[in-house]
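Residue-level listing of the chains:
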Amino acid sequence: MDFMDLIEMPRVDNVKVYRQIQNYELNQLVTQKLFGSLNLTSHHLIFITQTDLQKPREEIWIVHSSIDSLEKNVTEAKFQLMIKCKNFQIYFVDFPTAYCCNSIHKSLESLSNLTTENMKLPFFCQTISKINQEDWNFYSIEKSYKRFFPNEDSSEWRISEINNDFKISPSYPKKVIVPKNIDDQALIKSSQFRSMGRFPILSYYHKKTNSFILRSSQPLLGSNNKRCKEDELILKCALPKGKQGYVYDLRDASILKTAVSKGGGYETEVNYPLWKRINKHMDRFDQLHISYSKLIDACINSSTQFFYKLDTSAWFYNIRQALYLSFLIADEIHNKNGCFLIHGWDGLDNTLLISSLAQILLDPESRTLDGFIDLIEKEWLHAGHPFSKRYFKSAFGTTPQKQEGPVFVLFLDCVRQLCEQFCLSFEFNEDFLIMLFDNLYTSEYGTFLGNNQNEREQLLVSSRTVSLWTYVKNEENIKKFINPLYKINDDVIWPSIFTQSLSLWSNLFLRYQINSKPSDEAKKEIVKLVETNLQVKIKVEKLRNDLLELQKEAIDVGVLNSENY
Amino acid sequence: MGLPNNKWTMTNLNSDYQICDTYPNVLFVPASVEDKILQSSANFRSRGRLPVLSYLHPNGASLTRCSQPLSGFNGRCDEDEQLLQHILMTNENSKFMYVVDTRPKINAMANKAQGKGYENETNYKNIQFHFIGIENIHVMRNSLDKLVKCADSSSNSSFLTELEKTEWLKHIKAIIDTSVFLVEAINDQNTSVLVHCSDGWDRTAQTCALASLLLDPYYRSIHGFQVLIEKEWLLFGHKFSHRCGHLFENDKEISPIFSQFLECVWQLQLQFPCAFEFNETYLIKLHEHVYSCQFGTFIGNCQKERNDLKINELTYSLWDYFQSKIYDFINPLYIPNSFYSNSVLRPDTRIFSLKFWRSLYNRFDSAINPSEKLIDSVSMLSYNTSSLQEYSKLLEKRCAQLKKLIQLNKNDENVLIDLSEDDFEKIEISDKNENEKKSFEKKLTLDEISIDFNSIDLNWKSTRKNCVCYEPFDFASSKLNCSRCGEILCERCVENGKYVSSSASNKLIFVCKNCVDQFRL
């Protein structure tokens with residue numbers, strides 16, 4: 001298939017575009033009406049205003065993949081297309097004829113719903129910056145291993161390359177960390193007993209207390225109650241003496257029976273005697289998608305009962321639940337003797353959410369910019385979170401397969417809540433999280449392409465596209481993402497999870513509705529204050545040195561009385 | 001406001017509170033109006049609260065306030081109508097003026113039956129009459145009750161739904177919306193506005209005060225805000241004793257009218273973080289002391305009552321206390337010359353832009369508030385910078401002294417350096433005048449230099465830390481670093497420390513009691 005087959009009309013003139021923009025002086029939204037021509041290219045919808053002596057030419061570029069939903073409104077007098085973007089921006093386009101309206105609508109429907117990964121934007125964007133292999137290899141399992149176990153010899157864990165060809169578990173990375181005295185054969189057996197072959201692997205090791213988090217998918221008990229000795233052995237071997245193991249099953253206890261009847265199941269206490277099972281409910285990704293849609297609807301159509309709508313969207317319920325469960329895990333790991341195995345159904349969504357949040361609470365490293373990127377690589381990209389499926393549509397759209405679910409958006413929102421409660425303890429800022437959100441849905445970078453490492457490797461993502469981290473690490477860009485007030489906090493952070501303690505992410509969910517200028521001004525002022533402070537500190541250091549020098553000189557020439565010494 | 005001018009004059013008609021006992025003894029009225037008219041208008045207005053000036057905009061449009069007219073169903077008062085014409089005439093830029101009744105129409109109708117009511121547009125020439133529905137004190141009281149319960153509930157899984165049901169933010173929105181209406185009339189349409197509600201001391205005070213704050217950057221300074229409260233609330237007779245329930249009298253009189261005003265200001269601070277000289281703590285402490293009765297400022301229901309109680313002689317003023325703790329109240333992000341600080345504030349009153357005031361309503365629930373408070377660290381940072389700036393001046397001075405000393409020594413072996421405040425100048429003089437060198441008595445010693453050297457700690461303890469006394473902080477309590485040792489002190493321990501003024505520019509620098517003897521700046 002070629003892009004050109006999808007484009008009937010590459011250009012339409014006499015088009016009106018309406019969008020709401022912020023009038024900073026009046027601090028209110030005004031509707032901007034632009035007149036010009038619309039151009040359709042393989043990846044962009046480009047609107048160019050007519051040249052006018054009074055006004056400079058304006059261009060609006062909309063990437064096809066950023067379009068979430070299209071609504072056509074064709075009447076006798078009006079041929080209008082409403083374009084809702086994945087980043088919540090909304091455009092109205094008036095066409096001169098019904099024919100062009102239909103044609104553009106048809107093209108955009110196809111172009112914005114391309115499922116062929118190979119046709120996606122990052123493969124056509126290598127020119128924006130050079131492909132840097134170092135950034136693609138920024139994270140490695142060895143790096144995590146070294147952090148968890150600085151002394152390899154005394155460690156009870158090893159790196160296994162059993163999944164090197166992605167055969168055992170297509171959604172796992174090539175290398176995983178497993179207990180040292182479990183051989184690869186046992187892993188193969190265990191993988192056959194776990195959904196999608198996702199056997200238990202190490203996610204996080206808490207050096208301070210030698211406790212850890214494992215994660216996997218559900219065991220495949222089925223209705224004839226199968227068991228797997230090797231799987232049991234992994235959990236038995238992993239648990240050191242004196243530790244209490246907990247299987248954190250992120251499904252409500254009431255649906256376990258259904259799971260069993262469908263061939264899945266849970267760790268029975270008879271077969272896993274050292275491990276205590278705890279069932280905690282988290283909304284699944286498809287429910288979360290509904291929650292997200294309701295949330296955005298409340299934000300956009302919020303004249304009445306706004307707080308009630310927010311509440312019924314259950315978005316805050318999900319944030320609270322996620323923070324609460326990771327809080328419980330962090331508490332057990334840091335203050336008590338708990339070790340954890342986390343899973344839900346396939347261990348692709350909520351499992352990763354909870355394990356990564358728990359690490360942010362526990363591990364100061366993950367609150368630095370580099371550590372956070374590592375965490376995203378390890379717990380989301382390498383762990384096989386299906387980015388391509390989950391973020392194919394945003395809050396306005398759905399696909400018939402219903403594979404979308406903004407689990408990572410929920411993760412970002414949880415992290416932002418933490419950043420707000422611990423404004424000094426995170427090295428990165430809110431803008432960094434918003435940047436991640438934007439690249440999640442549509443990006444010029446290849447990082448979030450595909451559903452797992454296997455797919456990314458087949459697509460040759462690392463040699464054909466630029467890594468998002470190349471963009472982040474660019475000197476000019478990185479400044480934008482650093483929290484000026486950051487001071488390393490070596491402690492575990494304990495978030496507050498009352499609804500009062502949480503806030504709506506206005507700078508993201510209300511980004512096209514509120515005026516961010518006053519708060520940007522405040523942010524700039526903080527940066528300025530930090531810089532001034534640094535300057536004066538340098539000055540004082542220098543003066544102190546000068547004073548010492550002069551003092552020495554004064555003593556040498558004998559003008560300074562040193563008899564007290 | 002440049003008053004009095006040729007349009008507006010000060011009248012002593014109420015010098016003994018004879019016209020209106022809840023108004024101040026000095027009033028501003030149109031210069032063209034006769035006392036007789038004022039007298040009759042007062043008689044026609046509930047409790048004698050006749051239309052008087054609240055704020056005068058540089059463009060000539062005025063904000064005036066009063067109580068409802070005693071019109072009943074068809075009563076009218078010629079003089080009252082004339083007074084409004086005089087007010088209208090003070091502004092050459094508009095052919096008409098607004099009369100804003102801040103009550104819901106149905107409430108105003110109900111008052112009609114009691115012989116009160118609102119202005120009939122046909123009787124008053126060139127006025128445009130508006131109802132804007134802010135609910136009455138009873139509705140507000142009930143709403144607050146619900147809000148406090150809602151904030152308090154430990155099982156707050158449906159907090160947002162509960163918050164919706166309290167309608168509290170809807171009321172806050174109504175107050176800000178009304179004030180924005182006043183601002184747009186005065187600033188954008190150059191049109192004067194007369195505001196009233198029933199007695200003109202609750203909703204009228206809220207909206208006039210807030211409109212002034214939106215219109216005029218002066219009222220967003222610490223001093224200006226105090227003036228605003230004195231003027232619109234204390235002088236114009238907001239019944240603090242009754243509304244705050246200072247004495248056990250009548251439950252039905254209690255209502256959080258002033259609290260709502262403070263909350264509106266807080267909402268504005270949130271939307272315009274660089275536009276206010278004072279911070280959130282200032283509002284929270286103000287809220288606390290309006291109720292605490294620790295100071296006399298908010299005791300009594302009007303100026304006359306406070307005079308009768310001899311409040312000025314018998315009690316301390318809250319403002320003096322605040323002045324002594326001014327460091328706690330400064331907004332470190334205030335940029336006096338930025339666009340939003342300098343211009344009319346136009347708040348966003350869409351409901352999603354209004355927030356629940358957690359740090360007030362959950363002030364003492366440390367588990368609910370953020371563990372690290374942004375504004376504290378920013379305050380610390382700016383305070384640290386100013387201490388270090390003073391410190392660098394001292395170091396520069398010492399370096400210069402030593403240099404001089406070494407240089408002088410090359411000419412004269414027996415120079416002693418005086419360390420009094422103006423020693424720097426003395427050295428300058430001594431350079432010219434050999435004889436004066438002999439008068440230096442005190443020596444510049446190593447000890448002295450060592451004190452200088454350690455006067456300020458470079459790396460202050462983070463605001464994350466607790467006070468050395470381990471007393472936990474409530475969310476509004478202030479934290480202060482000792483400049484010398486860098487330790488964090490809580491509000492109580494601050495009492496043990498001391499503000500020392502620096503020699504370079506008289507800036508006040510704080511040191512704890514352990515360091516105070518070792519400190520010089």
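Before reading on, note that the structure itself is shown above.
Summary of the structure given here. (Residues numbered from 1 in each chain as written. Chains lettered and ligands numbered in written order. Predicted model: local features only at pLDDT ≥ 70, side-chain atom pairs only at ≥ 80, totals over all residues. Heavy atoms only, no water.)

Counting its regular elements, chain A contains 21 helices and 14 strands. For 565 residues, the compact-globule estimate of 2.2 N^0.38 gives 24 Å, and chain A sits close to it at 27 Å. Expressed as lengths along the three principal axes of its C-alpha atoms, the size of chain A is roughly 95 × 75 × 50 Å. In chain A, buried positions account for 58% of the 565 residues. If you take every contact in chain A between residues at least 6 apart in sequence, the share linking residues at least 24 apart comes to 70%. For chain A, the computed accessible surface area is about 24,100 Å², with 51% contributed by carbon and sulfur atoms. Charged side chains in chain A number 67 positive and 69 negative. The centres of these two groups are separated by 4 Å. (Helix = DSSP H or I, 4+ residues; strand = E, 2+ residues; numbered from the N terminus. Rg over C-alpha atoms; globule rule 2.2 N^0.38 Å. Buried < 20%, exposed > 50% of the residue type's maximum accessible area, 1.4 Å probe, protein only. Contact = heavy atoms within 4.5 Å. Areas by Shrake-Rupley, 256 points an atom, 1.4 Å probe, with all protein chains shown as cover. Lys, Arg positive; Asp, Glu negative; His and termini not counted. Charge placed at Lys NZ, Arg CZ, Asp CG, Glu CD.)

On to the interface of chain A and chain B, then. Counting residues at the interface gives 70 residues for chain A and 74 residues for chain B. Together, the buried faces of chain A and chain B total about 6,400 Å²; carbon and sulfur atoms form 65% of this surface. It is F307, Q500 and R544 of chain A in chain A that bury the most area against chain B; as a group they hold 13% of the surface buried on that side. Between the two partners, chain A and chain B, sit 1 salt bridge. The salt bridge involving E396 of chain B is made with K539 of chain A; its shortest N-O contact spans 3.5 Å. Our enumeration of links across chain A and chain B arrives at 23 residue pairs in polar contact (both at pLDDT 80 or more). Of all the secondary-structure elements, those providing two or more residues to the side of chain A that touches chain B are α9 (306-313), α10 (315-335), α14 (407-421) and α21 (517-557) of chain A. The biggest single contributor to the side of chain A that touches chain B is α21 of chain A, with 27 residues. For the side of chain A that touches chain B, the per-class residue count stands at 36 nonpolar, 20 polar and 14 charged. (Buried area = accessible area lost by both parts, 1.4 Å probe. Salt bridge = Lys/Arg side-chain N within 4 Å of Asp/Glu carboxyl O. Polar contact = N/O pair within 3.5 Å; in protein donor to acceptor, adjacent residues only side chain to side chain. Nonpolar A, V, L, I, M, F, W, Y, C, P; charged D, E, K, R; others polar.)

The next point concerns the sheet that holds strand β4 (residues 62-66) of chain B. Residue and element names in this part refer to chain B. With respect to topology, 5 strands assemble into an open sheet ordered β3-β4-β7-β5-β6, the strand pairing being mixed. Both outer strands of the open sheet, β3 (52-56) and β6 (127-131), are each paired with one neighbouring strand and no more. Here the strands of the sheet are splayed against their neighbours by 25 degrees on average, with no regard to which way each runs. Here β3 runs beside β4; their pairing, made up of 4 bridges, is antiparallel. Residue pairing in the sheet places V52 in a bridge with R65 of β4. (Pairing = 2+ DSSP bridges. Axes fitted to C-alpha atoms, helices over the stretch in contact; angles between N-to-C directions.)

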